[in-house]
Amino acid sequence: MWRAGLFDSVGPESPMRMAVLWFLVAGLAFIILGVVLHELEAATPRPLPRSVAFWLLLLTVCVVVPMPRSGAWLLFPQAWLILMRASDHRPRAVTTALGATLLGAHHIDVRTIETSLTLPAFTAAMLGYQPGWMSALYRVRSVFVRILGMRQEGLPRAPTFSAATLPSQPGEKAGFFTVRLAADGVWAAEAEETHLRAMLAVVATPGSHGLRPLHVVTVVHYKHWTGRVYFNVIRPFHHLVVGAMMRSAAHTTGTVSAAS
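The shown structure was predicted, so the numbers you read here are calculated from the model rather than taken from an experiment.

## Some remarks on a nonpolar patch on the surface
(1) Moving on: The grouping of Met-1, Trp-2, Leu-6, Met-16, Met-18, Val-20, Leu-21, Trp-22, Leu-24 and Val-25 at the surface amounts to a nonpolar patch, some 1000 Å² of accessible area in total.
(2) Moving on: Inspection of the secondary structure puts Trp-22 in helix H1 (residues 15-43).
(3) Moving on: On the basis of relative accessible area, Trp-22 is assigned to the exposed category, the value being 56%.

Right, dumping it as structure tokens:
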């Protein structure tokens, strides 16, 4: 094509050149699509719709079936990730209360529990939970972060708060978290390190029959490639810890029923 002068160098008489041209165009189109979808997801607190994943899966199947040795297999995990993010249900109350902090987040998860308690009482009980097995996980974490070149300032200790003493002013410390937002129906605190910034928030919504849904939200922003590696390794333990904290608050404070 270069020797032919590029201009009008592709035609029916050169099928190999046509194949190369369309492979290059398709590759560039996928790069553009990836950039656009990434920017779109970063510009809104909502994940991409499921339809994007389904169309991407259909496109992948249409290429993989007739040409199994193609690189189209690489689109399967992309579609799966989009589908998993789209499956992450975010109540409208969470998006409304934390909209600005959700923008550009690399990870968001929401767990919901129904309780008869106030938001401060439940939050204080949840933060105060740290059994021996959780302390052991922190010790393992200290070794792991050293491997990644990060630091852990001692072993974190669970703070002891009540509904009345729960920090409620921006800038106040709540254990290793710093309060960022405390208003009617929402409490959010953040922990920032060199590799990532993580927020733990509790958002309340109106309920019935004496029960009030509380949404426990985790928001993570990566600041360095080590943050992505670190969080994806500990992600299963993160879900385990948050679930245990919520169940502990339920047992110690009289929560009636829960769902995640």
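Now that the structure is up, let's keep going.
## Comments concerning the pattern of salt bridges
(1) Moving on: Taken as a whole, this structure holds three salt bridges when the rule is applied.
(2) Moving on: The salt bridge involving Arg-197 is made with Glu-190; its shortest N-O contact spans 3.1 Å.
(3) Moving on: The class of Glu-190 is buried, set by a relative accessible area of 14%.
(4) Moving on: Linking Lys-223 and Glu-192 is a salt bridge whose minimum nitrogen-to-oxygen distance equals 3.0 Å. Pair noted here: Lys-223 is in the loop between strand E6 (212-222) and helix H7 (225-253) and Glu-192 is in strand E4 (residues 186-192), with a separation of 31 residues, a long-range link.
(5) Moving on: A residue is classified by how much of its surface remains accessible, and Glu-192, at 47% relative accessible area, is partly exposed.
(6) Moving on: Because the salt bridges share partners, they merge into one network encompassing Arg-180, Glu-190 and Arg-197.

## Structural notes on the side chain of His-215
(1) Moving on: Looking at the element boundaries, His-215 is found in strand E6.
(2) Moving on: A polar side-chain atom of His-215 sits 2.8 Å from a polar atom in the side chain of Thr-112.
(3) Moving on: Residues within four places of His-215 in sequence aside, it is in contact with Pro-91, Val-94, Val-110, Arg-111, Thr-112, Ala-201, Val-202, Val-203 and Thr-205.

About the thresholds
Residues numbered from 1 in each chain as written. Predicted model: local features only at pLDDT ≥ 70, side-chain atom pairs only at ≥ 80, totals over all residues. Heavy atoms only, no water. Patch = residues over 30% accessible without salt bridge, like charges linked within 9 Å, V, L, I, M, F, W, Y side chains within 5 Å. Areas by Shrake-Rupley, 256 points an atom, 1.4 Å probe, with all protein chains shown as cover. Salt bridge = Lys/Arg side-chain N within 4 Å of Asp/Glu carboxyl O. Helix = DSSP H or I, 4+ residues; strand = E, 2+ residues; numbered from the N terminus. Buried < 20%, exposed > 50% of the residue type's maximum accessible area, 1.4 Å probe, protein only. Polar contact = N/O pair within 3.5 Å; in protein donor to acceptor, adjacent residues only side chain to side chain. Contact = heavy atoms within 4.5 Å.

Keep in mind these numbers describe shape, not what the thing actually does.
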